[in-house]
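Observations on the model geometry
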Amino acid sequence: MSPLRKASAALSSVRLRATAAATLVVALALGLAALALVAVLRGTLQNNADAEATRKAVAAAPYAETMELMPATPLSPVVEPPGESSIAITKDMTKDVTKEGDGGPVAVVGRNGKVQLRDGTTATIADPDLLLTDDKTASATEWAAPQKYAVAGVKVATASGPAMVWSRVPLEGAEKALQTLYSALLPGVPAVLLVVAGMTWISVGRALAPVAAIRTKVADITARDLHQRVPVPGSKDEIAALATTVNGTLDRLETAVDTHKRFVADAAHELRSPIATLRARLELAEPSELTREALADVERLQSLAADLLILAKLDAGEPLRAAELDLGQVAAEESVRARRRPEVRLELDIEPDVVMKGSRAHLDRLVTNLADNAVRHAASTVRVRVHAEEEQAVLEVQDDGPGIPPEQREAVFARFTRLDEARARDAGGAGLGLPIARDIAHLHGGTLVYADSGFIAKFPLNH
């Protein structure tokens, strides 16, 4: 199988598709869950910050109502917009007035430098997260950037009129919590996907292992060993049902094939006796053109019956009675005994000691069939060659006839197949010689093909 075909088969495997599908589904689910988790956490932290800001503003409102807003004079070189009055307040209203520091708003006080309360005391500007402005100030965005703080405002009524108490809560803690979540999700989600893919790959592989065993066994079963059965897993699931169904099909197929083989064998065997009797009577009859033609037909019937009988034996898978033999000796003896035409010359090129293990009767029939076929189609010469090549015993039977076209070189090995030029009645043969020869070659663990100008059979050498 080519690398491209192997890659295509791997990509189309059920195991890979199941793993990819499961990983994709989990990835989508984890992605949506992560987005929802981030959104919910962000909203919760924002709401908590807003609630804290509101709580601080509400808590500071009673203190703000005791104050009197006055035109502001900055304690630091900060230019305030004209007409605005503002003051930062703290929960502790009993300390001296000081300047707010470290990033807070610029402290502003009244004209006399003090925050005037109704009871005549003063307040210290110390809490940078609280701010009191008049109600004309729409927001405190410059004091608390929306990206950094959660801001809440409460309207109060001071001695000098309506005012707003602003409170801010830093969002730094919420951002840190989100960053912690991101640092957990970014490596965590791919890790979970890898685990899901690995577990799915292993689980699907284990689930499909019985299918692979069934496929392997079915691929090994041929017409000669239909007694074999596929393994049935003990899971009692759909795969077990499939294996049981396959075994039932093999049972029916074996029964049908056995019936067919017995019929062919019985028919061939029963035909031999009457055909032999008919031939004997024709040979004893008065010679004539009619008897000669009848004898030729009877001879073809005898050959056909013998071919059918040996095919039935090959199909039945009878044990091979193998022994060591010299392929060159077999080829030489049987080639000489083959039916000859006076105008055809036989040439032998036999290498000695080409030893293999096989059945002498079967190999005799193989050489005879190949030699008869070559003699029948040769113009003047048939050449039989035996030699050893790359740990194989090689038998070549060649002739100088018209040869076989490339597109028909496999068709000649089908049973009852004859090429058009061989269909004449005097050509002989029923289209079984070459199929029998190939079956014998396969039975010996070898091959038989047509190449160049003849047939080549190869068998394992015996060491």
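Here the structure is shown first, and the text comes after it.
If you're wondering where the values come from, they're calculated on a predicted model, not measured in any experiment. (Residues numbered from 1 in each chain as written. Predicted model: local features only at pLDDT ≥ 70, side-chain atom pairs only at ≥ 80, totals over all residues. Heavy atoms only, no water.)

**Focus: the overall build of the chain**
- The number of helices and strands found in the chain is eight helices and 13 strands.
- Taking all 463 residues of the chain together, the buried fraction comes to 34%.
- Of the contacts formed within the chain by residues at least 6 apart in sequence, a portion of 69% connects residues at least 24 apart.
- When the accessible surface of the chain is split by element, carbon and sulfur atoms take 59% of a total near 26,700 Å². (Helix = DSSP H or I, 4+ residues; strand = E, 2+ residues; numbered from the N terminus. Buried < 20%, exposed > 50% of the residue type's maximum accessible area, 1.4 Å probe, protein only. Contact = heavy atoms within 4.5 Å. Areas by Shrake-Rupley, 256 points an atom, 1.4 Å probe, with all protein chains shown as cover.)

**Quick look at the environment of histidine 227**
- Structurally, histidine 227 can be placed in the loop between helix H3 (172-220) and helix H4 (238-284).
- For histidine 227 and leucine 253, which are 26 residues apart along the polypeptide, the C-alpha to C-alpha distance reads 9.8 Å.

**Quick look at the pairing of strand S4 (residues 130-134)**
- A large share of S4 lies buried, amounting to five of its five residues.
- Taking every second residue as pointing to the same face, both faces of S4 are buried, with Leu130, Leu132 and Asp134 on one and Leu131 and Thr133 on the other.

**Overview of the packing of H4 against helix H5 (residues 289-316)**
- Interhelical geometry of H4 versus H5 gives an angle of 155° and a closest axis separation of 8 Å. Comparing their axes, H5 and H4 come out roughly antiparallel. Handedness of the H4/H5 crossing: left-handed. Counted together, Lys261, Val264, Ala265, Ala268, Leu271, Arg272, Ile275, Ala276, Leu278, Arg279, Leu282 and Glu283 of H4 and Ala294, Leu295, Val298, Glu299, Leu301, Gln302, Ala305, Leu308, Leu309, Ala312, Asp315 and Ala316 of H5 form the full contact between these two elements.
- Across the contact of H4 with H5, the residue classes tally to 17 nonpolar, one polar and six charged. (Axes fitted to C-alpha atoms, helices over the stretch in contact; angles between N-to-C directions. Parallel < 35°, antiparallel > 145°, perpendicular 65-115°, else oblique. Left-handed = near helix turned anticlockwise from the far one by under 90°. Nonpolar A, V, L, I, M, F, W, Y, C, P; charged D, E, K, R; others polar.)

**Some words on the environment of lysine 148**
- Along the chain, lysine 148 falls in the loop between S4 and strand S5 (149-158).
- For lysine 148, a relative accessible area of 58% corresponds to the exposed category.
- Through-space distance from the C-alpha of lysine 148 to that of valine 169 is 8.5 Å; in sequence the pair is 21 residues apart.
- Residues within four places of lysine 148 in sequence aside, it is in contact with Val169, Pro170 and Leu171.

**What about a nonpolar patch on the surface?**
- Residues Val336, Leu348 and Ile350 make up a contiguous nonpolar surface patch of roughly 230 Å² in combined accessible area.
- Relative to the helices and strands, leucine 348 is located in strand S8 (residues 345-350).
- By relative accessible area, which is 42% here, leucine 348 ends up partly exposed. (Patch = residues over 30% accessible without salt bridge, like charges linked within 9 Å, V, L, I, M, F, W, Y side chains within 5 Å. Salt bridge = Lys/Arg side-chain N within 4 Å of Asp/Glu carboxyl O.)

**Quick notes on the sheet that holds S8**
- As summarised here, the arrangement of the five strands in space is S8-S10-S11-S13-S12, forming an open sheet in which the pairing is mixed. The open sheet has two edge strands with one neighbour each: S8 and strand S12 (447-451). Going from strand to strand, the sheet's axes swing by 15° on average, the running direction of each strand aside.
- Relative to strand S10 (residues 381-389), S8 runs parallel, the two sharing six bridges. If you follow leucine 348 over to S10, its bridge partner there is valine 384. (Pairing = 2+ DSSP bridges.)

**Considerations on the pattern of salt bridges**
- For the coordinates displayed, the defined rule picks out 20 salt bridges.
- Between aspartate 439 and arginine 415 there is a salt bridge; the shortest N-O distance is 3.2 Å. Remark: arginine 415 occurs in the loop between strand S11 (392-399) and helix H8 (433-443) and aspartate 439 occurs in helix H8; sequence separation between them is 24 residues.
- The class for aspartate 439 is buried, based on a relative accessible area of 13%.
- Residue classification places arginine 415 among the partly exposed positions, given a relative accessible area of 37%.
- Salt bridges sharing partners connect three or more residues here, namely Asp349, Arg383, Arg385 and Glu396.

**Quick look at unusual backbone geometry**
- A positive phi angle, close to 50°, is found at glutamate 390, a residue other than glycine.
- With a phi close to 60°, glutamate 391 is a non-glycine residue in the positive phi region.
- Among the secondary structure elements, glutamate 391 is positioned in the loop between S10 and S11.

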